[in-house]
Amino acid sequence: MQEILEKKIFDVDEIRKDFPILETLSNGRPLIYFDNAATSQKPNSVINALSDYYRNYNANIHRGVYSISIKASEAYENAKNKIKEFINASSEREIIFTRGTTEAINLITYSYGLENIHEGDEIIISEMEHHANIVPWQVLCQKKKAVLKVIPVNNNGELVIEEYQNLLSKRTRIVSLCHISNTLGTINPVKEIIKLAKLNNPETAVIIDGAQAIQHMPVDVMELGADFYVFSSHKMYGPMGIGVLYGKAELLEKMPPYQTGGDMISRVSFNGTSYNDIPMKFEAGTPNVEGAVGMKAAIDYIESIGLKNISTAENELLAYASEKLNEIEGLSVIGNAKNKASVISFTVNGLNAFDIGVMLDGSGVAVRTGLHCTEPLMDRFKIAGTVRASFAFYNTKDEIDVFIIALKKAIEILS
Ligand code: PMP
């Protein structure tokens, strides 16, 4: 019975009907969308939730005494509650809405970082980080004369854990790493990484960039023991312009505000201002209510399919595409970690990734080309960029077949 149920859930043809964009054409061909790591497509339930909000209860929140404002406020709070449950945070107070992963990391660096990092302190990141998890730390280190240390990546695209252990010292104050690499697909052993940081010094703050993990696998922040966990709605079938900073309440309570203005205050006078309690202390100004509503709808959608089912389907697509790509002469997959999500980066001998991407677009296949905001990783592998195909559960093996044919044709023409 369970098997039948799972098979039914995995009727990909049915699932695809939930995503109107998958029925469109691109350059006269059916759109084959393999750029899910950049942003995912949106199901009808998310699109409808956004439309319903604007059609029926658009109002500013937290200050209205009238019905639609109360309804909008409730929807905003319900979204927080949903996210709290989804990542198993201990309270809604630990969920802060941001513009996305990038703003969440900037919030941590400007608030926690400026307060807690001092000259000579050390911050550990890795060679596979997205620029969003590099540049804010560089800026902080420059401001505070702190030291940025980088965990190397091996030839398979995995973190060298022994090197990480060597980097941990009594000056380590922060460790900030991605859960899954957006370029290599590597799933990092974050639970072990957090444990090692805490064993070295329980006061070290560990930040996990979950931008590429939250849509692929169950995340339990309490089980992981992360101090902060950040992600973006738009990569998890929700709208753009909103994301989440999860932080342990005991840390958030001690942190100064990141932005100031309305909503984040408790009392304002010209003699001084007192701040609101968390999470509102970190949510200055009118929040993205529409985004919160859409993000809740996206999580509802994910839950209706099941993250376990999603990862099973995506793993199958990854295995199938990897096998087909590895058969192509002159093609090298960059990132062959044992534990990998449905992201494949590759180069083709003598060919420019951009040219391949343009040719694939002519066949309706959307892939990403270039540095993927991970320039230091490209330097590590001594390459100028890759072609990246990233799959979601709504993709199919038939689409991969079309992609492989188009890729072979592109290679033939460009060679
Ligand atoms: N970290 C990782 C691993 C990512 O893949 C991305 C998006 N490509 C980001 C951070 C930044 O996310 P956003 O642009 O949504 O802020």
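Residues numbered from 1 in each chain as written. Predicted model: local features only at pLDDT ≥ 70, side-chain atom pairs only at ≥ 80, totals over all residues. Heavy atoms only, no water.

Student: When you look at the pattern of salt bridges in this model, what are you seeing that I'm missing?
Tutor: Side chains bearing opposite charge may pair, as long as their charged atoms lie close to each other. Summed over all chains, the structure comprises 20 salt bridges. Of the charged contacts in the structure, one is a salt bridge between Arg93 and Glu253, with a shortest N-O distance of 2.7 Å. Of this pair, Arg93 sits in the loop between helix H4 (67–87) and strand E4 (95–98) while Glu253 is found in helix H10 (residues 249–254), placing the two residues 160 residues apart along the sequence. Residues joined by salt bridges that share partners form a network here, namely Lys82, Lys296, Asp300 and Glu303. (Salt bridge = Lys/Arg side-chain N within 4 Å of Asp/Glu carboxyl O. Helix = DSSP H or I, 4+ residues; strand = E, 2+ residues; numbered from the N terminus.)

Student: Any chance you could explain the packing of helix H3 (residues 44–56) against helix H11 (residues 289–305) here in plain terms?
Tutor: It is at 8 Å that the axes of H3 and H11 come closest, and there the two elements cross at 150°. Between H3 and H11, the angle is such that the two are roughly antiparallel. For the pair H3 and H11, the sense of crossing is right-handed. Between H3 and H11, the residues in contact are Ser45, Val46, Ala49, Leu50, Tyr53 and Tyr54 and Val289, Glu290, Val293, Gly294, Ala297, Ala298 and Tyr301, respectively. For the contact of H3 with H11, the residue count by class is 10 nonpolar, two polar and one charged. (Axes fitted to C-alpha atoms, helices over the stretch in contact; angles between N-to-C directions. Parallel < 35°, antiparallel > 145°, perpendicular 65-115°, else oblique. Left-handed = near helix turned anticlockwise from the far one by under 90°. Contact = heavy atoms within 4.5 Å. Nonpolar A, V, L, I, M, F, W, Y, C, P; charged D, E, K, R; others polar.)

Student: What is the right way to look at the pairing of strand E14 (residues 343–348) in this model?
Tutor: Regular strands show a simple pattern: their side chains alternate between the two faces of the sheet. Judged by how many residues are buried, E14 sits mostly within the fold: six of six residues are covered. Note that E14 and strand E17 (residues 386–390) share four bridges and pair antiparallel. Within E17, the residue paired with Val343 across the bridge is Ser390. (Buried < 20%, exposed > 50% of the residue type's maximum accessible area, 1.4 Å probe, protein only. Pairing = 2+ DSSP bridges.)

Student: Whenever I open this one, the site of the ligand confuses me. Can you help?
Tutor: Taken together, the residues surrounding the ligand are Thr101, Thr102, His130, Ala132, Asn182, Asp209, Ala211, Gln212, Ser232, His234 and Lys235. Within the side chain of Lys235, one N or O atom sits 2.8 Å away from a nitrogen atom of the ligand. The fraction of the free accessible surface of the ligand (400 Å²) that becomes covered by protein chains is 85%. Taken together, the residues that form the shell around the ligand break down as two nonpolar, seven polar and two charged. (Near = heavy atom within 4 Å. Polar contact = N/O pair within 3.5 Å; in protein donor to acceptor, adjacent residues only side chain to side chain. Areas by Shrake-Rupley, 256 points an atom, 1.4 Å probe, with all protein chains shown as cover.)

Distances and angles like these do not, on their own, reveal function.
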